[in-house]
Structure formats: C-alpha cells, structure tokens
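Structure assessment
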Amino acid sequence: MATPSVTSNVMISTASTLPGDLVRLVASRLLAGDLLDYVRFRAVCAPWRSATASPRGRGIVDPSFHPRRWMMLPEGDGLYPGHPKLHDYIRLLNLDTGSLVRVQVLMLKDHCILDSLDGLLVLQRDHDTAILLLHPFTGDILELPPLSTLVPVMDEGLSTLSVKKQLSFLRSVFTAGTFVDGAVTVMLAFPRLFNVAFATPHDQRWTVSTWEYEFGRPALSSRGKIYVADTVGSDHTSKIYQIDTPLPNGVLQPPKLITTLTEDVLWSPVYLVECDDSEVLVVGHNDRYLSKIVVYKLADLIMGRYVPVSSIGDKAIFILAPRTLCASSKALHTITGDTVVYTHPMKQYLAQYHLTSGMWSPAMDECSLRGLAPGPSSLIHHIITCCSRERWNKGLLLRWRKDDARQPSGGYLRWAVKGDHRRGA
C-alpha cells in the first residue's frame, strides 16, 4: 500500500504534466472566484506557477487580482489595526466563502486605514498624509499624493481653521477608482466639503473637480465604473449618476444622470450595493411608510424596466447609512439569506427584512443586540460595523444602547494613538 507521501508525489508529478492551456483555463476560473484559491492553485507545483501570472507586483494595477470580496474584520474592544496586542496582524473575512485569514501588515504603526476599495486598504501615512493603496495579500503598494496638497485649494470656509483641523475634514472620505490597462485613477469624495479630488500615482498633488459633490453618500465602484445615488426635492425623486474618472491628464467630468426614480418606483432613501461581484443592485422602500423594502437591478432601471427582483438568493444586504455591503449566508451561517439587514425605519432596532415574505424580524438575539460591551458579539455585529468606517478602523463594534434602542453606539470615537495625525478618519 502506498504511503501518503508517495501518493502525494505521484499526484504532483501527474499534475505537472497537464498542458499549459488547460492550467491557465482552470487558473482563470479560480481567479474569477477568489484570489486565494488562485494562489493555492499556483502553489501546487512549479510548472503551474510558471504557466500562470503571479499576483505579486500586479495586485493593484490589475483588477483581476483585487481581493474584491475580502473585508478587514473589526476586532472590537478598541483593538485598532496596529494595536500592540495584535502583533501587526489583521483579520480578513471573505464575504462569499466565509474564509477567515490573518495577515501581517507591518505598516500600521505609522499609517491609519481610511477606507477600503475593491478589498484594497486605503491608508494615510501619518507624518506626511500621503495616501496609499495596499493589497493585503500581495503586499503591493501604490502611493498617491498627500492629503495636505488639498489644503490650499479646498473650500474657502476652511481657511480660518488650522491646518490640522482642515486635514480632519479631509480624512472623512469616500474612495472610488478605476483600473484600466495598467492605469490607475483614484477619486476621493469629501461629503462634508462637497468636493471631489482625483489623482494618479504619477501626480504630485490631488486635482479638485470643478463641480460640487452634493450627494452626501459614497460612490460605488463596480467593474471600472463609478455610480452614486441622490435624492432631490420634496417629491422624493431619486437620481442615479455615473461618474467617469479621467484618463491621465484628463478632466473629471460632472456626474452623468443615468436613471431617475419617481416615488412610485422607489421611495427615498436609495442605496447602491454590489452583489455577485458585478451586479449592482438598487435598494429602497416602495411606500412613504417605509414598511416594505424592494430591490432592483441597476441595469434594468437604466433600460426602463421597473420590475423588482423577487429574491437575492443566499445573499444578505447590509445597510448602515450611507454605506452598504453584501454577504453570503451559504458560508456565514449566522446570516439569513434573501434579507436586507437594516435599522428598522419605525421601531429603530437592527432588523432584517425578508424579501420573499415581506416580514421584519430582529437581526440577532436581544442579548447580542443591546448587551453591554464587552459582551457577546454576533458575526452580524462585525459585518455591519464594516459599514461604519469611523468604528471599523478603530477596532470598535457597532452596538445599540441597552437604555435607548434608537442610538447605535461604538464607543468613544477618538483615536487611541496619534490623534493629531488621524483626527477625522
């Protein structure tokens, strides 16, 4: 009987004889699902590695290598990324497969995390405010101009404030970007300042748009396009825009209206969320009493087809205004599929709306929902906190106060370290 080591060697020897075209076909299909499956596939043998592209060095500029469905998981208890007790490790959760991995990021002692873009971490370097994109798995870094280059050209209303206070406004940011043929353009939206700025890795400073960002919510990057939803007027009409990021040396064009939603289609507020890595969904209510939630495909709305989807399958949409994300219940068993996890608009508790039945229920048990911290924390706590960047990047968890169900809390939102360099983030 062959020993396990002999069997393993025979399997590797057989695998190494597979034709290169077949190896690349399998690798491309794995990469379309999850980057780490692709990495494990390349690790099987040297011929498979040589037949396929390494993500290292391409992890940022090539969007196929982005860790799109991975999100840094907040630790809770104030254990912010870079906390001495974490020994430079962060945890990353795959929202589709449930895989949980620890990754060492040595930069976090002198960088803070501002945002996440396609699974890439958006960092600010403490001493000079440079913005960096970090691929948590490959270690690839792309450096962008410092935030401080925006201080002289921002809103005149900030001119009376100190530079430190001006920078605190600039750290409250929504990030979007495009990655086309090796060219990277990153857009920063500052909802508190109604401004947008963009830059490439070759620029020395950020360029401010000639138009105002009046939406008050983040833009959504999806497959090289950027979308943003807005509600205007007393009639609750919602509009969805597309923003085309410029090519190098270009100009950031104003948002382009792609669809208008009257109140008989969707009652505001309206949210955008990406599911299945490519499908952009539009979520809102269908009546003024906000009792029902409906979900549309953005592609259908653009074509004038106003038919809501009947189900989102195993997916659960998480909304904590103004941010959203989508997770799968197949691997994350504490999550209920075909639901929208959202603060109940009338009763103001964290609820889940079941799209098929049209019923509301608590998103977690009463002890987890309003228990004292530290205390029991559901995985839902961790996931919904990912929508609250000011808690997510400080190691805090979002909770609803025991004595006031209407008030979500996450602790005292000052930075435990380097507050002067990180205020506002």
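Residues numbered from 1 in each chain as written. Predicted model: local features only at pLDDT ≥ 70, side-chain atom pairs only at ≥ 80, totals over all residues. Heavy atoms only, no water.

**Some remarks on the pattern of salt bridges**
- One pass over the structure, following the stated rule, counts 17 salt bridges.
- The partner of Glu75 in a salt bridge is Arg91, and the shortest N-O contact between them spans 3.0 Å. With Glu75 in the loop between β1 (70–72) and β2 (89–94) and Arg91 in strand β2, the pair connects residues that are 16 residues apart, well separated along the chain.
- Judged by relative accessible area, Arg91 falls into the partly exposed class, the value being 25%.
- The partner of Arg389 in a salt bridge is Asp115, with the nearest N and O atoms 2.7 Å apart. Of this pair, Arg389 sits in helix α9 (residues 389–392) while Asp115 sits in strand β4 (residues 111–117); the two residues are 274 residues apart in sequence, bridging distant segments of the chain. Accessibility assignment for this pair places Arg389 and Asp115 in one class, buried. (Salt bridge = Lys/Arg side-chain N within 4 Å of Asp/Glu carboxyl O. Helix = DSSP H or I, 4+ residues; strand = E, 2+ residues; numbered from the N terminus. Buried < 20%, exposed > 50% of the residue type's maximum accessible area, 1.4 Å probe, protein only.)

**Describing the side chain of His344**
- Structurally, His344 is set in the loop between β21 (339–343) and β22 (350–354).
- Taking relative accessible area as the criterion, His344 reaches 9% and is therefore assigned buried.
- In contact with His344, other than residues within four places in its own chain, are Tyr349, Ala351 and Trp360. (Contact = heavy atoms within 4.5 Å.)

**What about the sheet that holds strand β17 (residues 279–285)?**
- Spatially, the three strands line up as an open sheet ordered β16-β17-β18, and their pairing is antiparallel. Across the chains shown, the open sheet's two edge strands, defined by having one partner strand only, are β16 (267–275) and β18 (293–297). Between one strand axis and the next, the sheet turns by 25° as a mean value, whatever way the strands run.
- Where β17 lies against β18, five bridges are found, and the strand directions are antiparallel. (Pairing = 2+ DSSP bridges. Axes fitted to C-alpha atoms, helices over the stretch in contact; angles between N-to-C directions.)

**Remarks on the pairing of strand β10 (residues 195–199)**
- Most of β10 is tucked away, with five of its five residues classed as buried.
- Side chains Asn195, Ala197 and Ala199 project from β10 onto one buried face, and the interleaved Val196 and Phe198 project onto a second face that is buried too.
- As consecutive antiparallel partners, strand β9 (residues 183–190) and β10 are separated by four residues, and within that stretch Phe194 has a phi angle of approximately 60°, a positive value.
- Two strands pair when backbone bridges link them, and β10 and strand β11 (residues 207–208) are joined in this way by two bridges, in the antiparallel orientation. Paired with Ala197 across the two strands is Val208, which belongs to β11.

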